[in-house]
Amino acid sequence: MAPIAYARFPFLSLLLLCCIGGLLAILFTPAARTRQIKWISAVFSGLSLVLSAGLFIAYDQSAGGLQFVEKVAWVPSLGIHWFNAADGFNLPMLLLTGIVFFTGVLTMWELETRVKEFFALIFLLVAGVFGLFMSLDLFFIFVWYDVSLFPMYLLIAVWGSTRKEYGAMKLTLYLLAGSALILPAILYLAVQAGLDTFDITALMQPGTFTPYQEKFAFLLLYLGFGILAGVWPFHTWSPVGHVAAPTGVSMIHAGVLMKIGAFGILRVGIFLCPTGWQHWAPLMALLATVGIVYGALVGLRQTDLKYVIGYSSVSHMGIVGLGLATVTAEGLNGAVFQMFAHGVMTALFFSAVGYIYDRTHTKAVAELGGLSRSMPRAASFFIVAALTGIGVPCLASFWAELMVFIAAFKVYPFYGTLAVGALVISALFILRVVQQTCYGPVNQRLAHLPDITPLGSIPRVILVSVIVFFGFFPALMVNLIQTATVAFFNGLP
């Protein structure tokens, strides 16, 4: 078992309090003071980014293990603890959430419709995300999972567009179906262990579960969390939700919320059921590869910018699934890095497309053209996101995909070949969209629309900077993830 370093100060709980404090401050601010509400949102989301970055930097990689640990009995009779900790797996996710949260708030600065309710729901949603990523108690993982989902319905149904009620309802029903699989799996594991605890570190000790119990529980957890991760064929809610959601919600939805599903498979399914993981790995690899190929082929036929990004996300999340399915350290490293890189990339994608849609009132590729001349800043951000999506070297996603494909070729050479081929198709349709929207003749109807202001560029510049920084210095991320991967594999029977 990896070492545990208890915190002298509850930094992780303070990260949660940034969200709860921001939520309360918004709720106690009169709805008419929209500018004050926006500043409150920016300050508290900015604090969460600073704190998550501080935790990322302060983690002692030489010591490894669980750090900044907070553990307090919550309901002792049921074995429920307030148990938060940081390691090489969840620190990248906490940093990702802080980045997307802050940039998402700034991106929605121009919102004028029901501002108070919008930002209050965003803070509630992100509190659930932060809580799930840092928790090591199964009870709280389930609670935070549901907290992060319920605000999505209102955020899409009230502030969305393009069949927003349908998109919100489909998303909610699919994700609740996932929740209905996760809960019995968690209860099953807690009861079968006979330890009267929901503590993951206690439940993951070798010999706690029989091979049959692990195989049964892992399948439930993989399907339950996999729905949110966009695993094929349970992905259909995702592109529809992307298209219907407002810009800031699309950023959080694609950038962070889908990562909860993949992280849940890792933290709960793989940690507690390693035998089940190894048993179902071939099925995971098959579904992941189908998702990669399917997302690329369907994306090739899309004419709506948001659908292009939505199906691209299905394909890229398949890369995460393929990395997890390799049952190797390289695969896990690449999968976690891909979660981070894809989260930042899709946040930038939706931020750029959201601005273009807000000004042009169209997402149809055929109705756009010459944006690099009429909206050079917006087009530049869109192009950087596109280049990241196709895995250009010296951008963050390149290293993540490289590690996953190396692991896949070692374990599943046929699937690895198909996945790389699908990436070529994905690059084709993304570059085609870039050519049609950013270059060619300028659509005269759009020629005089305003570009992103220097102030409005701030959240996009932050996202671009993160992509480039970890593209040039990938070891800062890989070395951190490696500390958790090594500890996990050393603890396997």
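Just above, that's the structure.
Residues numbered from 1 in each chain as written. Predicted model: local features only at pLDDT ≥ 70, side-chain atom pairs only at ≥ 80, totals over all residues. Heavy atoms only, no water.

Student: So what exactly am I meant to see when it comes to the overall build of the protein here?
Tutor: Scanning the protein for helices and strands turns up 19 helices and three strands. Against the compact-globule benchmark of 23 Å for 493 residues, the protein has a radius of gyration of 21 Å, which places it among compact chains. Overall, the C-alpha framework of the protein stretches about 70 × 55 × 40 Å when taken along its three principal axes. Looking at the protein residue by residue over its 493 residues, the buried ones come to 63%. Long-range contacts, defined as pairs at least 24 residues apart, comprise 81% of the intrachain contacts of the protein with a sequence gap of at least 6. Distance between charge centroids for the protein: 10 Å, based on 23 positive and 18 negative side chains. (Helix = DSSP H or I, 4+ residues; strand = E, 2+ residues; numbered from the N terminus. Rg over C-alpha atoms; globule rule 2.2 N^0.38 Å. Buried < 20%, exposed > 50% of the residue type's maximum accessible area, 1.4 Å probe, protein only. Contact = heavy atoms within 4.5 Å. Lys, Arg positive; Asp, Glu negative; His and termini not counted. Charge placed at Lys NZ, Arg CZ, Asp CG, Glu CD.)

Student: Please explain the packing of aromatic side chains as it appears in this structure.
Tutor: In this description, a pair of aromatic rings is defined by centroid distance and the angle of the planes. One pass over the full model with this rule turns up 32 aromatic pairs. Ring geometry for Phe 11 versus Phe 68: centroids 6.4 Å apart, planes at 85 degrees, classification edge-to-face. Linking Phe 11 in helix H1 (residues 11–27) with Phe 68 in strand S2 (residues 66–75), this pair joins segments that are 57 residues apart in sequence. Seen in terms of ring centroids, Trp 277 and Phe 488 are 6.0 Å apart; in terms of plane orientation they differ by 55 degrees. Their pairing is tilted. Pair noted here: Trp 277 is in helix H11 (residues 274–300) and Phe 488 is in helix H19 (residues 475–490), with a separation of 211 residues, a long-range link. (Phe/Tyr/Trp six-rings, centres within 6.5 Å; stacked < 30°, edge-to-face > 60°.)

Student: For this particular structure, what's the right way to read the layout of surface pockets?
Tutor: As a volume, the largest pocket reaches approximately 800 Å³. Taken together, 33 residues line the largest pocket, and the ones lying closest to its centre are Leu 106, Thr 107, Met 108, Trp 109 and Glu 110. Those elements that provide at least two residues to the lining of the largest pocket are helix H2 (34–58), helix H3 (91–107), helix H13 (329–360) and helix H18 (458–472). The leading source of residues in the lining of the largest pocket is H13, at five residues. Considering only residue class, the lining of the largest pocket consists of 17 nonpolar, eight polar and eight charged. (1 Å grid on protein atoms, 1.4 Å probe; cavity = no way out; pocket = protein on both sides within 12 Å on 5 of 7 lines; lining within 4 Å. Points joined across faces, edges and corners; volume = space filled by probe spheres on them. Nonpolar A, V, L, I, M, F, W, Y, C, P; charged D, E, K, R; others polar.)

Student: Explanation requested: the packing of helix H10 (residues 247–272) against helix H12 (residues 305–325) in the structure shown.
Tutor: When two helices pack together, their arrangement is given by the angle between the helix axes and the distance between those axes. Relative to each other, H10 and H12 sit at 20 degrees, their axes nearing to 11 Å. The angle between H10 and H12 places the two elements in the roughly parallel class. The way H10 lies across H12 gives a crossing that is right-handed. Between H10 and H12, the residues in contact are Ser 250, Ala 254, Met 258, Lys 259, Ala 262, Ile 265 and Ile 270 and Lys 306, Ser 313, Met 317, Val 320 and Leu 324, respectively. When the residues that make up the contact of H10 with H12 are grouped by side-chain class, the tally is eight nonpolar, two polar and two charged. (Axes fitted to C-alpha atoms, helices over the stretch in contact; angles between N-to-C directions. Parallel < 35°, antiparallel > 145°, perpendicular 65-115°, else oblique. Left-handed = near helix turned anticlockwise from the far one by under 90°.)

Student: I keep staring at the nonpolar core and nothing clicks. Help me out?
Tutor: One broad trend across soluble globular proteins is that nonpolar side chains are buried collectively. Judged by nonpolar contacts, the single largest core of 185 residues is most densely connected at Phe 89, Phe 337 and Phe 340. Among the elements that line this core, the one with the most residues is H13, at 17 residues. Setting aside residues no more than four positions away along its own chain, Phe 337 makes contact with Ala 396, Trp 399, Ala 400, Met 403, Phe 470, Pro 474, Met 477, Val 478 and Ile 481. (Core = buried A, V, L, I, M, F, W, Y, C linked by side-chain atoms within 4.5 Å.)

Student: What am I meant to see in unusual backbone geometry here?
Tutor: Most peptide bonds adopt trans geometry, and most residues besides glycine take a negative phi value. A cis amide bond links Trp 232 with the next residue in sequence, Pro 233, at an omega value of 5 degrees. Here Pro 233 is to be found in the loop between helix H8 (211–228) and helix H9 (237–244). Although it is not a glycine, Phe 68 sits at a positive phi angle of roughly 55 degrees. Given the relative accessible area of 14%, Phe 68 is considered buried. A positive phi is found at Val 327, a non-glycine position, where the angle reads about 55 degrees. Counting through the fold element by element, Val 327 comes out in the loop between H12 and H13.

Student: Even after reading the chapter, I still don't get the pairing of strand S3 (residues 80–86), so can you show me in this structure?
Tutor: Where a strand is regular, its side chains alternate between the two sheet faces. Of all seven residues that make up S3, seven are buried, and the element is covered over most of its length. Residues of S3 alternate between two faces, with Ile 80, Trp 82, Asn 84 and Ala 86 on one and His 81, Phe 83 and Ala 85 on the opposite face, all of them buried. Sheet analysis places S2 next to S3, joined by six bridges and oriented antiparallel. Counterpart to Val 75 in the pairing with S3 is Ile 80. Taking the residues that link successive antiparallel strands as the turn, the S2-S3 hairpin has four residues, and the phi of Gly 79 there is positive, at about 75 degrees. (Pairing = 2+ DSSP bridges.)

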